[in-house]
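# Architecture at a glance
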Amino acid sequence: MILSGTTAVAGIMGWPIGHSRSPRLHGYWLREYGVDGVYLPLVASPEGIEAAFRGLPGLGFRGVNVTIPHKLSALAACDHVDDVAARIGAVNTIIIGEDGALSGTNTDAFGFLANLRQESDWRGVEGPAVVLGAGGAARAVCVALLDAGVPEVRIANRTDARAQALADEFGLTAFPWADRAAALDGAALVVNATSLGMTGQPTLDLPLDALPIDALVHDIVYAPLETELLAQARARGNPIVDGLGMLLHQARPGFEAWFGVSPDVTPALRNFVLES
Ligand code: NAP
């Protein structure tokens, strides 16, 4: 990589940041499209995050991605926040204007939908969707499903009160966690947006008997790539989509805004990111 005096600079701010696959992902695209740009891992502690955001325009950054634990701080720090980020309640992508203003968005909902549209025939209108979880990722998934025109979104979460709060806020149907298997009856899509099934976490206990055989099963957990939920769904014949594509697609809007190229998510990119 040869840098020039006009190299476009972006990066990802988090604490810690060493685990992030984003530098590898953006680095692949920069090389693939021959962009004079660089994407840096930026370690930013919670104490210094406000000052770090404020310093970005003066350092000539085009923008940044923001990851755990700074997505709420980013929401507060931005001069402008778009509708999607406001509804999700978190900013994961900042674009810095020529006037130095910080514009915040959240690309997780885009990434979620773009991945499902690329990897399956599901288009949203087929029938009810079931979301498991009520954390930050589940909020993005619910916003995406509502924007895709899903006729009914059912939600269940270990802490029932969080599912009920989300249902009240977005107009969803809340199911008690104990009844999550019953929520699958007649569904066209089920999404695991909990951290269950991740390497090092317990598996998600979800009997699929009530789920129609043509319903799409999607796990946004991507490590491992095939979770127990996906293995179980595949074995009974349901179509499945893993979570890696959401991670890759959510990076596209930021890359395009900072570097001026609309990048593609390809099998070669998937393999490259998985090698890390
Ligand atoms: P989060 O805000 O911490 O939420 C975690 C969720 O998991 C909550 O709903 C929590 O329920 C539930 N949960 C945790 N432990 C549980 C257990 N033992 N039993 C039942 N439920 C449990 O995390 P997040 O940011 O939403 O992320 C959730 C998952 O999505 C993570 O695995 C993350 O890696 C993945 N993710 C993937 C992508 C992608 O691009 N593919 C993007 C974002 C996130 P309570 O409310 O009861 O605590």
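This is a predicted model, so every value here is computed, not measured.

Reading the values: rules and limits
Residues numbered from 1 in each chain as written. Predicted model: local features only at pLDDT ≥ 70, side-chain atom pairs only at ≥ 80, totals over all residues. Heavy atoms only, no water. Helix = DSSP H or I, 4+ residues; strand = E, 2+ residues; numbered from the N terminus. Buried < 20%, exposed > 50% of the residue type's maximum accessible area, 1.4 Å probe, protein only. Contact = heavy atoms within 4.5 Å. Areas by Shrake-Rupley, 256 points an atom, 1.4 Å probe, with all protein chains shown as cover. Lys, Arg positive; Asp, Glu negative; His and termini not counted. Charge placed at Lys NZ, Arg CZ, Asp CG, Glu CD. Arc of directions from axis to C-beta. Domains from an automatic or database assignment. Buried area = accessible area lost by both parts, 1.4 Å probe. Salt bridge = Lys/Arg side-chain N within 4 Å of Asp/Glu carboxyl O.

### Quick look at the overall build of the chain
Within the chain one finds 11 helices and 12 strands. In terms of principal-axis extent, the alpha carbons of the chain reach across some 60 × 40 × 35 Å. The 276 residues of the chain split such that 51% are buried. Within the chain, residue pairs in contact and separated by at least 24 positions form 67% of the contacts whose partners lie at least 6 positions apart. Taken as a whole, the chain presents about 12,100 Å² of accessible surface, with 54% of it coming from carbon and sulfur. The distance from the centre of the 18 positive side-chain charges to the centre of the 30 negative ones in the chain is 3 Å.

### Considerations on helix H8 (residues 228–236)
Every buried residue of H8 is listed here: Leu229, Leu230 and Ala233. One side of H8 holds all its buried residues, which, seen down the axis, span an arc of 95°. Set apart from the buried face of H8 by more than 90 degrees, the exposed residues are Glu228 and Ala235. Here the buried face of H8 lies against strand S10 (189–192), strand S11 (216–219) and strand S12 (240–241). The positive-phi residue at the C-terminal boundary of H8 is Gly237, with phi of around 105°.

### Some points on the domain arrangement of the chain
One widely used convention gives an interface's size as the accessible area the parts lose upon coming together. Each domain of the chain was delimited in the assignment, giving domain 1 (8–107 + 251–274) and domain 2 (109–245). Here domain 1 and domain 2 have C-alpha centroids that lie 26 Å from each other. In this complex, domain 1 contributes 13 residues to the contact, which on the side of domain 2 involves 18 residues. Summing both sides of the interface, domain 1 and domain 2 together bury roughly 1,200 Å²; the carbon and sulfur share of this comes to 56%. When the area that domain 1 buries against domain 2 is broken down by residue, the three leading residues are Arg87, Ile88 and Arg270, summing to 49%. Our enumeration of links across domain 1 and domain 2 arrives at two salt bridges. Across the salt bridge formed by Asp242 and Arg270, the nearest N and O atoms sit 2.8 Å from each other.

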